[in-house]
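Below are the chains, spelled out letter by letter.
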Amino acid sequence: AAAISIVIDFLTDANMGCIKSMKEIEAVGHRIVHGGEYFKQSTLLSDEVLEKLKLCRDFAPLHTDAHIMGIKGCLTAMPGVPQVLVFDTAFHQTMPATSYMYGVSYDMYTDYSVRRYGAHGTSHRYVSGIMADILKEKYGINKEDSKIVTCHIGNGSSITAVKGGKCLDTSMGFT
């Protein structure tokens, strides 16, 4: 909460800020690394959602507790402001089982949730969406008919096959 308050003070600073007051903040978005199989899309924060997010700790132990601290800090510093969680794994939830299942005992999946989850989904979703728009504009290819391979290269790298706007496969696995 203290860190978020400092950010808000900077954002609303009369000389250096980019907004005049907290009233201009209509919502807060949180990019969340891993949503497990619980979150298949961006989700409005609620007590139930926060409890489910805690169940994702094992998937991203270095990130999830920090996400939760940031969310709680925003709740404290900005009470009543809606908060949305955007999951990097959500875009990949459209993969068929043939893409997300590993060649290990099925019990590993059912008992321990071991499967391909994907990563960098917000990046892949954005880039494939822009490319689908370009394909439509320049070549008349509808999004539903598009076949795109996206590459995310940065702090971590992955590639994703996108068909008809949905993830078909990705290079990132149980990470």
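Every chain is numbered on its own, with residues counted from 1 as its sequence reads. Side-chain atom pairs in this predicted model are given and counted only at pLDDT of 80 or more, local residue features only at pLDDT of at least 70, and totals for whole chains, interfaces and linings cover all residues. Side-chain metrics in this entry use all non-hydrogen atoms of the structure; hydrogen atoms and water are not considered.

J.: Which parts of the structure should I look at to understand the pattern of salt bridges?
T.: A side chain with one charge may pair with a side chain of the opposite charge, provided their charged atoms come close. The term salt bridge refers to a pairing of a side-chain nitrogen on Lys or Arg with a carboxyl oxygen on Asp or Glu at a separation within 4 Å. Per the stated rule, a full pass over the model turns up six salt bridges. A salt bridge links D88 to R31; the shortest N-O distance between them is 2.7 Å. Residue D88 is located in the loop between β3 (83–87) and α4 (97–100), and its partner R31 is located in strand β1 (residues 28–32); the two are separated by 57 residues in the primary sequence. Salt-bridge contacts for K54 lead to E51; the nearest nitrogen and oxygen are separated by 3.0 Å. Of this pair, K54 and E51 both sit in helix α2 (residues 47–54), three residues apart, which is roughly one turn of the helix. Any residue under 20% of the maximum accessible area for its type is buried, any over 50% is exposed, and the rest in between are partly exposed; the area is computed with a 1.4 Å probe on protein chains only. A relative accessible area of 23% means that K54 is categorised as partly exposed. Secondary structure elements are taken from DSSP: a helix is a run of H or I of four residues or more, a strand is a run of E of two residues or more, and numbering for both begins at the N terminus.

J.: Sorry, what's going on with the sheet that holds strand β6 (residues 166–170) here?
T.: Sheet strands associate in pairs through backbone hydrogen bonding, adopting either a parallel or an antiparallel arrangement. In spatial order, the strands read β4-β5-β6; together these three strands make up an open sheet with antiparallel pairing. Unpaired on one side and paired on the other, β4 (147–154) and β6 mark the two borders of the sheet. On average, adjacent strands in this sheet sit at an angle of 30° to one another, irrespective of strand direction. Strand pairing is assigned whenever DSSP detects at least two bridges linking the two strands. Looking at chain direction, strand β5 (residues 156–163) and β6 are connected through four bridges and run antiparallel. In the strand pairing of β6, K163 is matched with K166. Between two residues, a contact is recorded if the distance between any of their heavy atoms is within 4.5 Å. Fitting a line to C-alpha atoms yields each axis, with helices limited to the stretch in contact; the angle taken between N-to-C directions then spans 0 to 180 degrees. Sheet contacts for helix α6 (residues 121–139): β4 and β5; angle to β4, the most-contacted strand, approximately 135°.

J.: It is not clear to me how the nonpolar core should be interpreted in this structure. Could you clarify?
T.: Residues enter a nonpolar core if they are buried and are Ala, Val, Leu, Ile, Met, Phe, Trp, Tyr or Cys, with the set joined through side-chain atoms within 4.5 Å. In terms of nonpolar packing, the biggest core is built from 14 residues, with I32, L45, L50, L53, I71, L85 and F87 touching the most fellow members. Looking at this core, the elements that each hand over two or more residues are α2, α3 (64–77) and β3. A total of three residues in this core trace back to one element, the largest contributor, which is α2. Y100, L135, I148 and C167 belong to the second-largest nonpolar core, a separate cluster that totals nine residues.

J.: Explain the packing of aromatic side chains to me, please; I cannot follow it from the model alone.
T.: Where two aromatic rings form a pair, the distance of their centres and the angle of their planes describe that pair. Aromatic pairing here means that ring centres of Phe, Tyr or Trp (its six-membered ring) are within 6.5 Å. Orientation follows from the plane angle: under 30 degrees is stacked, over 60 is edge-to-face, and everything else is tilted. Going through the model one piece at a time under the given rule, you end up with four aromatic pairs. Centroid distance F39 to F87: 4.2 Å. Interplanar angle 5°. Geometry classified as stacked. Taken together, the residues span a long stretch of sequence, with F39 in the loop between β1 and β2 (43–44) and F87 in strand β3 at a distance of 48 residues. With a relative accessible area of 3%, F39 lands in the buried category. Relative to Y109, the ring of Y100 has its centre 6.1 Å away and its plane inclined at 45°; by these criteria the two rings are tilted.

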